[in-house]
Amino acid sequence: RLPTETEWERSARGTEGRKYPWGDSKIDPSLANYADSQIGCPTPVGVYPRGATPEGILDMAGNVLEWCQDWWDEKYYHHSPRENPSGPDPGSSRVLRGGGWHRDAR
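The rules behind these values
- Residues numbered from 1 in each chain as written.
- Predicted model: local features only at pLDDT ≥ 70, side-chain atom pairs only at ≥ 80, totals over all residues.
- Heavy atoms only, no water.
- Helix = DSSP H or I, 4+ residues; strand = E, 2+ residues; numbered from the N terminus.
- Rg over C-alpha atoms; globule rule 2.2 N^0.38 Å.
- Buried < 20%, exposed > 50% of the residue type's maximum accessible area, 1.4 Å probe, protein only.
- Contact = heavy atoms within 4.5 Å.
- Areas by Shrake-Rupley, 256 points an atom, 1.4 Å probe, with all protein chains shown as cover.
- Salt bridge = Lys/Arg side-chain N within 4 Å of Asp/Glu carboxyl O.
- pLDDT = per-residue confidence, 0-100.
- Core = buried A, V, L, I, M, F, W, Y, C linked by side-chain atoms within 4.5 Å.

**Student:** Is there a simple way to explain the overall build of the chain in this structure?
**Tutor:** From N to C terminus, the chain includes 2 helices and 2 strands. In the chain, the succession of α and β elements from N to C terminus is α-β-α-β. Compactness check: the chain gives a C-alpha radius of gyration of 14 Å against a globular reference of 13 Å for 106 residues, within 12% of the reference. Structurally, the chain occupies a C-alpha span of about 40 × 30 × 25 Å along its principal axes. Relative to its 106 residues, the chain shows a buried fraction of 36%. Expressed as a percentage of contacts within the chain between residues at least 6 apart in sequence, the contacts between residues at least 24 apart total 59%. Carbon and sulfur atoms make up 51% of the accessible area of the chain, which amounts to about 6900 Å² in all.

This is the structure we're talking about:
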């Protein structure tokens, strides 16, 4: 199954709420496949081990966008359960996370 948005965010940011999977230092081409890497296409998982989370999870930033189980709802977290939110009722588009090889750093 796809991860929920909450599961994905926990995996990428950890319990300390890192800005990026590897920490709070700015992205550079040694950490992820994104526009500045100038690769021009997706790469196999594991090509950027320096961009792993402290827990060892790879490719949570850049390379390809990932779908989450949740449907997009801009206001969902204003009224969701605080623990283990399961996402809003079905909608028209999925939550996307992770960035992509063709996107600029944000």
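**Student:** Any chance you could explain the side chain of Asn63 here in plain terms?
**Tutor:** Tracing the chain through its elements places Asn63 in the loop between helix H1 (5–13) and strand S1 (66–71). By relative accessible area, Asn63 is classed as buried at 5%. When near neighbours in sequence (up to four residues on either side) are disregarded, Asn63 contacts Asn33, Pro42, Thr43, Gly99, Gly100 and Trp101.

**Student:** Sorry if this is basic, but what is going on with the pattern of salt bridges here?
**Tutor:** Should the charged atoms of two oppositely charged side chains come close, the side chains can pair. Enumeration according to the criterion identifies 6 salt bridges in this entry. When the shortest N-O distance is used, the salt bridge between Glu9 and Arg13 registers 2.5 Å. Linking Glu9 with Arg13, this pair stays in helix H1, spanning 4 residues, or about one helical turn. You can call Arg13 partly exposed: its relative accessible area is 33%. Counted as one network, the salt bridges with shared partners bring together Glu5, Glu9, Arg13 and Arg97.

**Student:** It is not clear to me how the confidence of the model for the chain should be interpreted in this structure. Could you clarify?
**Tutor:** Any segment with low pLDDT has predicted coordinates that should not be analysed in fine detail. The predicted model of the chain has a mean per-residue pLDDT of 92, with 100% of residues at 70 or higher. The least confident element of the chain is helix H2 (residues 76–79), whose mean pLDDT is 84; the most confident is H1, at 94.

**Student:** Looking at this structure, how should I read the environment of Gly14?
**Tutor:** Structurally, Gly14 is set in the loop between H1 and S1. Residues Gly14 and Gly91, spaced 77 residues apart in sequence, show a C-alpha to C-alpha distance of 28 Å.

**Student:** When you look at the nonpolar core in this model, what are you seeing that I'm missing?
**Tutor:** Side chains of nonpolar character tend, in soluble globular proteins, to be buried together. Formed by Tyr20, Trp22, Ile27, Leu31, Ala32, Tyr34 and Ala61, the largest nonpolar core amounts to 7 residues. Dropping the residues within four chain positions of it, Trp22 is found in contact with Ile27, Leu31, Arg50, Gly51, Ala52 and Ala61. In this structure, Trp8, Ala12, Met60 and Cys68 belong to the second largest nonpolar core, which totals 5 residues.

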